[in-house]
Every structure is written in C-alpha cells, then in structure tokens.
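# Structural overview
As a plain string of letters, each chain reads:
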Amino acid sequence: MEAMKEITGRQVKNMLLGAYHSFEKNFEAINELNVFPVPDGDTGTNMMHTMASVAKEISAMSDDAEAGEIGAAAARSAIMGARGNSGVILSQLLRGIGKGVAGKKTLNNTEIGKAFQFGILYAYRSVAKPVEGTILTVARGMAKGAYHAVRSESFSLEDVLLAAISSGKEELARTPDKLPALKAAGVVDAGGQGLIVFFEGCLAGLRGEDCEVLEVTARAVTNKMVAEPLDLEYPYCTEFIVKGASVDKKTVSEALQGFGNSMIVAVVEDIVKVHIHTKHPGDALNTAQAWGTLHDIKIENMRDQHENRLFTAEDIQPVKHGVGVLTVAAGDGIAKIMHEMGASEIISGGQSMNPPVEDFVQAIENGTCEQYIILPNNKNIILAAEQVRKLLGNSKVSFVPTTNMAQGLAALLHFDATRSLDENTVIMAKEAKEAASGSVTTAVRDSVVNGLEVHQGDYLGILNDKIICKGSSIDQVLEQMLAEGDYELISLYYGADLDEEAAAALADKVSTMNEDWEVETFYGGQPLYPLLLAME
C-alpha cells in the first residue's frame, strides 16, 4: 500500500468503521478471555457496543466531513455509548484521538500518528489506579511502539498502526506473567486483546480490507475450582452519565474518590461518564446531581454475580522477577505520571528534600523486581543512588544520572522490561542526556550567578540545569527561556503553588510565542518550583 501523504476525514471514518467491524467479528472471542466475575458485562460485548454508538454516529456523516469533525463526533458518541469498564476506557482512547485531530480538515502522517499516541495515553490515564497485566499495560506498550514509529525519519500512518499493534501484542503476551489470575486461567487479558482488535480494525479500514478473526486458545484446566477473590467492601458496580455539566475530570475524581474503588472518569465537552464500585451508590449519584442531569444509571450487585461465576485458578505467590525502575518524584502529580509510564517504585524527593540511601534500599528490598535502575532526577541525589549500587551490588542495581525531571521522563519512556539491566541503562542514559529541560523558581537570597544580578524574590529561569534569566513574573521568565528554542512539544508541569487556571494561562502564553509549538499542561504538585518543563 502506497503511503498516504494526506489523511482525510473519510480515511478517519473508514478506520473507525473498520474498528467497529473488527469488534463485530471478534467480540465473542474477547469474551472468552474474561476471568473476573464482575457485573460490568463481558469485555468484548462492552467494547463492541461502545464502537456501535460511534459507527452509528459517523455513518450518518458525509464522506466530505473534515477529520476534526469525525474525531469530535466519535469522541462524543463513544462516551454516550460506553458500557462497562472496558467501554469507558475505549471511549477515552477515542477522546484522545479526537483531541489530536481537532480543528483539522486533513492531516499529515505526523499529525495522525500523534493523534493515535494521544488516544493511547488518554486511555491509560482514564483509570485512577492502573493495575499491571490489564488493558492499561497493553496501552502503555502500544504508546511506546507508536512513539518510536512517529520519531523515525520516514513513516506512514500504516507504520504507526503496525508498530503499535506489534508492541501491543508483545505486551499482551506478558499479561499472564503480571496477573496471576490470567496465568492460572491460561489466557491473556481480555481488555488488552480488545485494544489490539481496535487497532487491527483501524488498519484494515485504512487499507480497505476485511478484518481478521481471532483464534482463541482454550483455557488451562486444573483440578482446583475456586471463586475469584473479589473486594466485596464496595459491592455495587455503578455507572451513570451527567449531561449539561461544566466540570473537569479532576473535580469529578476528587469528589468521588472517597466513595469506592475501580473508578474511571471520562469527560467530553459537557458530558461526564462515571464507572465506580461503591458501597453507597446513592451518595455518588447525589454528588453528581450538582454537576448536571443524570442519565443511563446502572447499578448492579457484584455479590450476586460473584456467587454464580467460578473460574479455574491456582494459589500463586508473587515472586520477584525481571528489571524495574525506581524513580524519585518531587510531587504527587509527577509521581502518578511516572507510575503510569511504568516505574515500579517511586520515592518522594527533590530540591530541599533529598531522600536518604536507606529509603532506596528499603524500596528495593520490598519491591517486586529482581533488579532495579534508579533515576535520581536531581543532581543532589546522584551520590545517594551511587551509594545504593555499591551497597547492593552492580548485578542488582544500576542508575542513570538524571539531574532533572525531564531527563527522568525521557529515560523512563525508553525503559523496556524485556531488555537486560545493562542494556536498559545504556539506552536510558543516552535518551536522558538528549532531553531538554527547564524550570522556574524564585530566588531565596541576593546573589550574582552566571553574570546575572539576582535579588531575593526574583523569578529564575533554569534551562538544562543552568540559570539563564530572571524576571518579575513567570511569564517574563518563560518568554526569555524559550525564545531561541527549536521545539515541537512543550510540556508544562505545574507545582503546588499554581492552580490549573493559572497553568492554563501560562500555556496559552507559551502557545502565542510560536504557533508551531504544541503545548500541554500536567499537574506536577512539586514544591518550590511553580513550573517544570520538558521540551521535545
């Protein structure tokens, strides 16, 4: 197939319809992989019905519709039609794709490739507490595959989809090693398989081909039949939609987080979709009423379904295995992001709060991996990391001398659990060294540094660990810091002293500096530094 130089709305439409047809052919095969007795319904059925809502909406649209229009319609219809845990996660995949194509009539390969990257990341971040061995693990693997494809010198959308599928299949094959229940049942994760089915359907739709049909491997059978352990503290699986809402995901999540677990929140425009396991469904619904009108309420008692569903399992004790990453994070938001990117262990630390060697040793001894790569992410913590390696031995611990958060994120993005400790260390060190970083803080005393006369209270701009400018406001400092930069993507991580509104205003300011820059904001929660930046 000749690489397309321009992706039209019709191609986007064909890909999404291809995904729906792929679920039509394979939803029962995905259902066969289910092992957990939860009342969210069967994974394949839920994902198919979610895509059916999308297919119905976009089929009615003209083939001349713009790519951005198709993406917006898909995102909105997916959240309205999302069913169960897997359906809500799938709706967030489509929301991310919709964000990536927003406002575009047609797209080049770089733009559509990044849109699919957005989709995978949105799917991963939709879950409050990601669990390894699930659809989220597969999503993270696919994100890495898509990232590498987009960064290659010459690529097509087909290349991006193929790379995502290939890396996703590799991660899917490893899900039984990460979740004992899957290993006992002899299956891979159903949601992860559904994600592969989605992307294979998109590829088939792009190529104008029929979707492939999955071959389902029979479950493993043992002599021991046991009910899957279920957290019955929160017995009611509760789902609902709020329409006419003017509220963001963070507000919804914070308002509902005390009501239960397994929470997934999706927000598209004025629509909020919530999935939560709770003890008191009425409390969640009463809270949600303050945001708008309630629709499509579903409450099911998991105890009932738990008593009627058994599956084959074995008592498997977790053992230490493989290579993991132990990283230092300066704020709760950054810690969450690093966890989502695959860090096995996280220690709180940073400027003025350098963790002791004992904290590292304890985290490694209590961790789940045989070997660890430490990311100190601060020049004052590097010696501690080196001391840990000396104490525990080179065969068990290595470290990458990351001096800032941007280097840590770049290194973490290129971690691959299938590589050896030494191979990962070499690759991660190379990527960290090439990462561009920035930060904004305030001077704590009068000084002269790098030829700058600094007074207490001045805002300081730090580029790649070097103070290069000062100013009376964060805006001034950002303008000086980024003036000469040749970037494509700038990520702003706002600290504990900034709120979301102020961070968004700063992002708008940065966007006006160069219309080619893509600017994102994330909650970092770090103290002392209002902003940390990563530039690509």
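## Examining the packing of aromatic side chains
In the structure shown here, the tally under the stated rule is five aromatic pairs. Among the aromatic residues, ring-to-ring pairing joins Phe116, Phe198 and Phe199 into one connected group. When the ring centre of Phe118 is taken as origin, the NZ or CZ atom of Lys99, which lies over that ring, is 5.8 Å away. The positively charged end of Lys250 is found above the aromatic ring belonging to Tyr523, 4.7 Å away from the centroid.

## Things to note about the nonpolar core
In terms of nonpolar packing, the biggest core is built from 75 residues, with Ile112, Phe116, Phe198 and Phe199 touching the most fellow members. Aside from chain neighbours lying at most four places away, what touches Phe199 is Leu93, Phe116, Ile120, Met142, Leu161, Ala164 and Ile165. Core analysis: the next-biggest nonpolar cluster, separate from the first, contains 27 residues, Val325, Leu409, Tyr529 and Leu532 among them.

## Thoughts on helix α15 (residues 357-365)
Those residues of α15 lying buried are Phe360, Ala363 and Ile364. Taken around the axis of α15, the buried residues stretch over an arc of 95°, which confines them to a single face. Here the buried face of α15 lies against β7 (323-329), β8 (345-348), β9 (371-375), α16 (382-392) and β10 (397-399).

## What to know about the packing of helix α5 (residues 109-125) against helix α7 (residues 157-173)
Packing of α5 against α7 leaves a shortest axis separation of 9 Å and a crossing angle of 25°. The orientation of α5 with respect to α7, classified from their angle, is roughly parallel. Between α5 and α7 lies a crossing of right-handed hand. Touching Asn109, Ile112, Gly113 and Phe116 of α5 are Leu157, Val160 and Leu161, all from α7.

## Brief notes about the sheet that holds strand β3 (residues 260-268)
Reading across the sheet, the four strands line up as β3-β4-β2-β5 and stay open at both edges, with antiparallel pairing between neighbours. Each of the sheet's edge strands pairs with one partner strand only, and the pair in question is β3 and β5 (293-301). Neighbouring strand axes in the sheet, compared pairwise and without regard to direction, differ in orientation by 10° on average. Bridge count between strand β2 (residues 236-243) and strand β4 (residues 271-278): seven bridges; the pairing is antiparallel. If you follow Glu239 over to β4, its bridge partner there is His275. Packing of helix α3 (residues 67-81) onto the sheet brings it into contact with β2, β3, β4 and β5, and relative to β3 it is tilted by some 145°. Those strands touched by helix α12 (residues 281-288) are β2, β4 and β5, and its axis lies near 10° from that of β2.

## A word on the environment of Val150
Here Val150 shows up in helix α6 (residues 135-151). Taking relative accessible area as the criterion, Val150 reaches 8% and is therefore assigned buried. Each C-alpha atom, one on Val150 and one on Thr110, is 6.5 Å from the other, the two residues being 40 residues apart in sequence. Leaving out residues up to four positions away in the same chain, Val150 has contacts with Gly113, Lys114, Gln117, Phe155 and Val160.

## Remarks on the pattern of salt bridges
Counted under the stated rule, the structure contains 16 salt bridges. Between Glu269 and Arg76 there is a salt bridge; the shortest N-O distance is 2.5 Å. Of this pair, Glu269 sits in the loop between β3 and β4 while Arg76 sits in helix α3, and the two are 193 residues apart along the sequence. By relative accessible area, which is 56% here, Glu269 ends up exposed. Exposure remark for Arg76: the relative accessible area of 33% places this residue in the partly exposed category.

The rules behind these values
- Residues numbered from 1 in each chain as written.
- Predicted model: local features only at pLDDT ≥ 70, side-chain atom pairs only at ≥ 80, totals over all residues.
- Heavy atoms only, no water.
- Phe/Tyr/Trp six-rings, centres within 6.5 Å; stacked < 30°, edge-to-face > 60°.
- Lys NZ or Arg CZ within 6 Å of the ring centre and 35° of its normal.
- Core = buried A, V, L, I, M, F, W, Y, C linked by side-chain atoms within 4.5 Å.
- Buried < 20%, exposed > 50% of the residue type's maximum accessible area, 1.4 Å probe, protein only.
- Contact = heavy atoms within 4.5 Å.
- Helix = DSSP H or I, 4+ residues; strand = E, 2+ residues; numbered from the N terminus.
- Arc of directions from axis to C-beta.
- Axes fitted to C-alpha atoms, helices over the stretch in contact; angles between N-to-C directions.
- Parallel < 35°, antiparallel > 145°, perpendicular 65-115°, else oblique.
- Left-handed = near helix turned anticlockwise from the far one by under 90°.
- Pairing = 2+ DSSP bridges.
- Salt bridge = Lys/Arg side-chain N within 4 Å of Asp/Glu carboxyl O.

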